[in-house]
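Take a look at the letters that make up each chain.
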Amino acid sequence: MAVLKVKFTKTKRDKLAQILWILNWVSVVSGIILFSLGLFLKIEIKKRNEVMAKGDINSVPNMLISVGVIACIINFLGGKICYDCSDANKFSRWKLVMLPYIVCTFCFTFCILVGALMCYTMRNELEESLYLGLRDAMKFYKDTDIPGRCFLKKTVDMLQIGFRCCGNNGFRDWFEIQWVSPRYLNMASKEVLDRLKSNVDGKFLVDGVPFSCCNPSSPRPCIQYQLTNNSAHYNYDFLTEELNIWVKGCREALLDHYTAIMRSIGITALLIWLFELSVLIGVRYLQTAMKNVLLLGDLEGESDGWLLENSFVETAKYNINIIKNLGKANQISTVSGMNDPNIDVQSTNCGKTNVTTKSIPAAS
C-alpha cells in the first residue's frame, strides 16, 4: 500500500510544478546563504588562528561551504526539471533522471542536517583547541625578538583588550609563566636574581599581568604588579576588593563568542534543511504523479502521487535485498538444478566414422 497517497488533477499537477520551480530558485538562494555562513565562520576562525591549536575545527565551515555549493547546483537543476514537468511530453525526457535526482537530493539534505548538528557538537573540540593555543601563545608572549613569534605579544594584547579577558582560564595564569622578556630584566638587581633562583626552572615569575588585562572602566589606576600583596598598595585588599583587571579568561570569552555564532548558524541551517526537505517531498509527489499519468495514457486525467509506493517495512526489505544481492551479481549459482552451463555440455564427436551417408547417385 502506498504511503501518503494523494490524487492530483491536471490543474493540481501544473500548479505543483510551478510552485516547485519557484521554490527551487529560492533554494538556490538558501545554498548561497549556507556558503556565505560557512565562509564567514571560516574567516572568524582564521582571525584567531594564532591562539588556536591545529585540529578539526575547520570541518564545520568546510562542510557548510561544500553543502552550499552543491545546493546551488542541485536546486538549479531541480528548477529546470520542475519547469519541464508541467508538460507531459517534456517530462518524458526527465523520467529516468527523476528518481536518481530525488535520491541524490535526499542525501544532500541529510548533509545539511549533519552540518547543522555539527555546529552544536564542535564545542568540545573548539574548547580544547583554544586551551592549547592560548597556552602556547602566552608562553611565547615574551619572545618578541624571535622570528615567527614576535607577533604573538600584539596578538594576545589585542585579544585581551578586544574580548575583555585576561589569561587562559583567568588572570592567575600569568603568574605561572615568564611573560617579561629577559632583555628588559636588570640582571644586576638582587630582586631579579632572587626571583630567578627561587624558581627551579630559572624563570622570572611575578604576581603581575600585562597592561592589556587592565579594565579601563575601573576608577582606580590599573594595578598590574603585586596583585596579591595588600601592603604594596594603599587601601587595597585583593580578597575583598573587586580587581581593576579583567577576571574572565580568554578561553571562556572566545568560546562564548564562537558558540553564539555557531548557534545562529546551526538554527539557520536547520531551517534551510526543513525547507529543502519540504521541496524534496513536493518533487517526489510530482515525479510519481507524472509517472502514473504516462502509465494511464490519459494526460488530462487524474493520477495518484505518493512518497513511497509500498509501506516503510516493505520498502526497507526491498532495499536491503538489493544491497545484499549486489555482491552476488558475478557469482555462479550452486543451487541444485542450476549448474554451470559450461559444465557437462555434450559436444559433437566430429571424428566418428560410423555416420551413415547417402549414396551418391551414379551419373547416367
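Computed from a prediction, not measured in an experiment: that's the story for all the values here.

About the criteria used
Residues numbered from 1 in each chain as written. Predicted model: local features only at pLDDT ≥ 70, side-chain atom pairs only at ≥ 80, totals over all residues. Heavy atoms only, no water. Core = buried A, V, L, I, M, F, W, Y, C linked by side-chain atoms within 4.5 Å. Buried < 20%, exposed > 50% of the residue type's maximum accessible area, 1.4 Å probe, protein only. Helix = DSSP H or I, 4+ residues; strand = E, 2+ residues; numbered from the N terminus. Salt bridge = Lys/Arg side-chain N within 4 Å of Asp/Glu carboxyl O. Contact = heavy atoms within 4.5 Å. Axes fitted to C-alpha atoms, helices over the stretch in contact; angles between N-to-C directions. Left-handed = near helix turned anticlockwise from the far one by under 90°. Nonpolar A, V, L, I, M, F, W, Y, C, P; charged D, E, K, R; others polar.

Q: Any chance you could explain the nonpolar core here in plain terms?
A: Proteins that are soluble and globular tend to have nonpolar side chains buried together. Judged by nonpolar contacts, the single largest core of 79 residues is most densely connected at Leu-126, Phe-171, Trp-174, Val-209, Leu-227, Val-283 and Leu-286. Per element, the largest residue contribution to this core is 18 residues, and it comes from helix H7 (residues 250–296).

Q: What exactly am I supposed to notice about the pattern of salt bridges here?
A: A side chain of one charge can pair with a side chain of the opposite charge when the charged atoms of the two come close. This structure, assessed with the given rule, holds eleven salt bridges. A salt bridge links Lys-153 to Asp-157, with the shortest nitrogen-to-oxygen separation between them at 3.0 Å. One end of the pair, Lys-153, and the other, Asp-157, are both in helix H5 (residues 152–163), four residues apart, so they sit about a helical turn from each other. Lys-153 sits in the partly exposed class, given a relative accessible area of 31%. Here Asp-256 and Lys-248 are joined by a salt bridge, their closest N and O atoms 3.1 Å apart. A relative accessible area of 34% means that Lys-248 is categorised as partly exposed. Connected via shared salt-bridge partners are Arg-135, Asp-136 and Lys-139.

Q: Please clarify how the side chain of Asn-168 should be interpreted in this entry.
A: Residue position: Asn-168 is located in the loop between H5 and helix H6 (190–198). For Asn-168, a relative accessible area of 4% translates into the label buried. Apart from residues lying up to four places away in sequence, Asn-168 is in contact with Tyr-131, Leu-134, Arg-135, Met-138, Asp-173, Gly-249, Cys-250 and Arg-251.

Q: Help me understand the packing of helix H4 (residues 123–139) against H7 in this model?
A: The packing of two helices is summarised by the inter-axis angle and the distance between the axes. Two numbers describe how H4 lies on H7: the axes approach to 10 Å, and their chain directions differ by 145 degrees. The two elements H4 and H7 meet at a crossing, and its hand is right-handed. When H4 is examined against H7, the residues Arg-123, Leu-126, Glu-127, Leu-130, Tyr-131 and Leu-134 are found in contact with a partner set consisting of Cys-250, Arg-251, Leu-254, Leu-255, Asp-256, Tyr-258, Thr-259 and Met-262. A per-class count over the contact of H4 with H7 returns nine nonpolar, one polar and four charged.

Q: In this structure, what is going on with unusual backbone geometry? I would like to understand it.
A: Excluding glycine, most residues fall at negative phi; most peptide bonds, likewise, are trans. Backbone geometry places Arg-164, a non-glycine residue, at a positive phi of 55 degrees. Within the element layout of this structure, Arg-164 appears in the loop between H5 and H6. Classification of Arg-164 by relative accessible area gives exposed; the value is 54%. The phi angle at Asn-235 is positive, at roughly 50 degrees, despite the residue not being glycine. Topologically, Asn-235 is positioned in the loop between H6 and H7. On the basis of relative accessible area, Asn-235 is assigned to the exposed category, the value being 63%.

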